[in-house]
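In case you want the letters, here they are:
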Amino acid sequence: MRNYLAIMNRELKSYFSSPIAYVVTGLFLLISGIFFYLLATNFVQMCMRADMQAQYYRMAMPKLNVNMMAIRPLLHNMSLFALFFLPLVTMRLYSDEKKSGTIELLLTSPVTNTQSILGKFSAAAILYLIMLLLTGLYMILLFIFGKPELGQILTGYLGLYLLGLCYISFGVFFSTLTDNQIIAAVSTITFILVFWAIGWVSGMVNPSWGNILSHFSLIEHFDDFGKGVFDTKHLVFYVSFITMGLFLSFVSIESAKWRGR
Amino acid sequence: MIDVQQVTRFFGRVMAVDNVSFQVEKGEILGFLGPNAAGKTTTMRILTTYLPATSGTAKVAGFDVHDQSMEVRKRIGYLPENPPLYPEMRVLDYLDFVAKIKGVSPSDRKKAVADAMAKTGISNEGKRIIKQLSKGFKQRVGLAQALVHNPDVLILDEPTVGLDPKQIIEVRELIKSLAGNHTIILSTHILPEVSMTCERVVIIDKGKVVAEDTPDNLTRKLSGSQRVHAVIAGPLADIQNALSNLPGVTKVQHLGHTEAKQAQQFLIESKAEKAISPDLAKSVIGQGWDLYELKSESLSLEDVFLRVTTTEEEVDRQ
């Protein structure tokens, strides 16, 4: 436990003592903010139009749902931004240690590979949590000016967080494979994109295969979270996906020593 | 303290370490000498549990490096060829982190870090960021990192590489001062370093141990002959003749004459048990020639090194 915390703290300090954490968080907030603004203004315009129509036809004002029309698409967009931002957070975790030789310190200290993998994974997970919490400011604005439903937002955020952890766990894995950070990041993005887009293919192949493929799609499982539906089957999928990435990292580090690193 | 038995390591089809065995006693400094790419680093990496051996066993402090690697890791301090430093960290934070992952208890950590810094002479650099340190200081931080948990065994891979002459002397003194409390393995391809710091030398070449002894014994055993350098004035042919006829002399080499052209320089090699200098002096004086200089040369470790590694090549060719 102490080793795990030591490694996690070191990684966190290294994120925050370099520009990485600030740049990634700042730009993530910026791009999410732009989309939040667009979606929110769009929603406001729709409300105004609906209001005018209602007055014109002398009908009751229809209830427009801010959760479904602004927050859900925003969370979907954020899941895509995270896909491009998180591999940049995870790419250095092992690649950098390999390049600078500090991996020799790590692997000759009484620290198990599980401790170091979980430590690094947690550090990236905490940075991602901070990124998501800060976007909560936008939600606060919605609460000030509207009446969104809290439960649905929280479920959506939970889904977004789990999805991000999937990116991070495979980000860790790809960074154990190479000492080149760019290669680690690009491989992670490509790999995740494949598991993202696999659902789109499902419509083109025969239904039995399509059904299986869509179960493997990362974003398909996110859909229910976005709607505010919490289903354990999605939770199980994400947790399995995360475990798989961490397990592969473990195997990769263990096997590297036989190959000669 | 360290017991290496028939360790072999392949990288693919390339054999990096070939059936290496050696022992190191507690408190000893062992020099690990060899040309670049001889297998020194691989052997050290096997000892530090960084790489597994393809076959053979190695034990550190009684623990097997493969089966009980965590126990071994607690007892070793390792300085790889490039010191494993996180450039963005401060020296104090870095050493504190290393102490943590090496298992130093929280109550002892502050003192352990301070001690390691004092030993390596970086007590005033604690607040500095590692990136901004000079090469010499980085090397010291690397050494402090290896020492921080007061390990039984220190494994240092070319600890003086890239340092200036003053720093090299300081690091050597430091290493010497650590012997006794720590068992040290030190690799290098710089020969004087071994004769200056180590009590015992293992010479390794192309993955094989080619010689193992104290630096003095190695020189004596492997030379097998004595060499005398003499400067004599007189007729060249007669002198050569006289020198060749001395008992035990195997080779007389004329090196040329002195600057003033009044005397000739010779290098005489002999297999004789007893020193040949007295006989040589008597003979020269008896002939009425002038003896300007008479100096016996011992084989330097450098010669030994070349000799072992070149004979090795000849064996390979057969």
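Up top is the structure these notes are about.
What counts as what
- Residues numbered from 1 in each chain as written.
- Chains lettered and ligands numbered in written order.
- Predicted model: local features only at pLDDT ≥ 70, side-chain atom pairs only at ≥ 80, totals over all residues.
- Heavy atoms only, no water.
- Helix = DSSP H or I, 4+ residues; strand = E, 2+ residues; numbered from the N terminus.
- Buried < 20%, exposed > 50% of the residue type's maximum accessible area, 1.4 Å probe, protein only.
- Contact = heavy atoms within 4.5 Å.
- Areas by Shrake-Rupley, 256 points an atom, 1.4 Å probe, with all protein chains shown as cover.
- Salt bridge = Lys/Arg side-chain N within 4 Å of Asp/Glu carboxyl O.
- Phe/Tyr/Trp six-rings, centres within 6.5 Å; stacked < 30°, edge-to-face > 60°.
- Lys NZ or Arg CZ within 6 Å of the ring centre and 35° of its normal.
- Polar contact = N/O pair within 3.5 Å; in protein donor to acceptor, adjacent residues only side chain to side chain.
- Axes fitted to C-alpha atoms, helices over the stretch in contact; angles between N-to-C directions.
- Parallel < 35°, antiparallel > 145°, perpendicular 65-115°, else oblique.
- Nonpolar A, V, L, I, M, F, W, Y, C, P; charged D, E, K, R; others polar.
- Pairing = 2+ DSSP bridges.
- Buried area = accessible area lost by both parts, 1.4 Å probe.

**What about the overall build of chain B?**
Link 1 in the chain: In terms of helices and strands, chain B carries eleven helices and 14 strands.
Link 2 in the chain: For chain B, the residues scored as buried account for 51% of the 318 residues in total.
Link 3 in the chain: When contacts within chain B are restricted to residue pairs at least 6 apart in sequence, those whose partners lie at least 24 apart make up 67%.
Link 4 in the chain: Of the accessible surface of chain B, which amounts to about 14,700 Å², a share of 49% is contributed by carbon and sulfur atoms.

**Re the pattern of salt bridges**
Link 1 in the chain: Inspection of every chain in the model, using the stated rule, returns 22 salt bridges over all chains.
Link 2 in the chain: Between Lys227 of chain A and Asp224 of chain A there is a salt bridge, with the nearest N and O atoms lying 3.9 Å from each other. Within this pair, Lys227 of chain A and its partner Asp224 of chain A are both found in helix α10 (residues 218-227), separated by three residues, close to a single helical turn.
Link 3 in the chain: The partner of Lys74 of chain B in a salt bridge is Glu71 of chain B, with the nearest N and O atoms 3.4 Å apart. Here Lys74 of chain B and its partner Glu71 of chain B are both found in helix α2 (residues 69-75), three residues apart, which amounts to about one turn of the helix.

**Section: the packing of aromatic side chains**
All names here are of chain A.
Link 1 in the chain: Enumeration according to the criterion identifies 21 aromatic pairs over all chains in this entry.
Link 2 in the chain: Ring centres 4.5 Å apart and planes at 20° place the aromatic pair Phe170 and Phe191 in the stacked group. Of this pair, Phe170 sits in helix α7 (residues 150-177) while Phe191 is found in helix α8 (residues 181-201), placing the two residues 21 residues apart along the sequence.
Link 3 in the chain: Taking 5.0 Å as the distance between ring centres and 50° as the angle between the ring planes, the aromatic pair formed by Phe170 and Phe241 counts as tilted. Residue Phe170 is located in helix α7, and its partner Phe241 is located in helix α11 (residues 232-259); the two are separated by 71 residues in the primary sequence.
Link 4 in the chain: Residue class for Phe170 comes out buried when judged on its relative accessible area of 4%.
Link 5 in the chain: Among the aromatic residues, those joined into a cluster by ring pairs are Phe170, Phe173, Phe174, Phe191, Phe195, Phe225, Phe230, Phe237, Tyr238 and Phe241.
Link 6 in the chain: Residue placement shows Arg92 over the ring face of Tyr15; its charged tip is 5.0 Å from the ring centre.
Link 7 in the chain: The side chain of Lys120 reaches across the aromatic face of Tyr94, ending 4.8 Å from its centre.

**Concerning the side chain of Ser95 of chain A**
Residue and element names in this part refer to chain A.
Link 1 in the chain: For Ser95, the position within the fold is in helix α4 (residues 92-100).
Link 2 in the chain: From its side chain, Ser95 meets the backbone oxygen of Met91 in a polar contact 3.0 Å long.
Link 3 in the chain: Discounting residues that sit within four places of it in the chain, Ser95 has contacts with Ser175, Thr178, Asp179, Asn180, Gln181 and Ala184.

**Comments concerning the packing of helix α5 (residues 135-147) of chain B against helix α6 (residues 165-178) of chain B**
Residue and element names in this part refer to chain B.
Link 1 in the chain: Remark: α5 packs on α6, axes separated minimally by 11 Å, with the N-to-C direction vectors making an angle of 10°. With respect to their mutual orientation, α5 and α6 come out roughly parallel. For the pair α5 and α6, contact is made by Gly136, Arg140, Leu143 and Leu147 and by Gln167, Glu170, Val171, Leu174 and Leu178, respectively.
Link 2 in the chain: Of the residues that constitute the contact of α5 with α6, the class distribution is five nonpolar, two polar and two charged.

**Observations concerning the sheet that holds strand β4 (residues 55-60) of chain B**
Residue and element names in this part refer to chain B.
Link 1 in the chain: Judged by pairing direction, the sheet is antiparallel, and its four strands sit side by side in the order β2-β1-β4-β5 without closing on themselves. Two strands lie at the open edges of the sheet, namely β2 (14-24) and β5 (63-64), each paired on one side alone.
Link 2 in the chain: Relative to β5, β4 runs antiparallel, the two sharing two bridges. Counted as the bridge partner of Val60 is Phe63 from β5.
Link 3 in the chain: The sheet strands contacting helix α1 (residues 40-47) are β1 (2-11), β2 and β4, and the helix crosses β1 at an angle near 120°.

**With respect to the interface of chain A and chain B**
Link 1 in the chain: Each partner contributes residues to the interface: chain A has 26 residues there, and chain B has 32 residues.
Link 2 in the chain: With both sides pooled, the region where chain A packs onto chain B buries about 2,700 Å², and carbon together with sulfur makes up 60% of that total.
Link 3 in the chain: Taken together, the links from chain A to chain B amount to two salt bridges.
Link 4 in the chain: Of the charged contacts, one joins Glu88 of chain B and Arg10 of chain A as a salt bridge, the two residues approaching to 3.4 Å between their closest N and O atoms.
Link 5 in the chain: Broken down by secondary-structure element, the contributors of at least two residues to the side of chain A that touches chain B are α1 (2-17), α4, α5 (103-107) and α11 of chain A.
Link 6 in the chain: The dominant element in the side of chain A that touches chain B, judged by the number of residues it contributes, is α1 of chain A, at seven residues.

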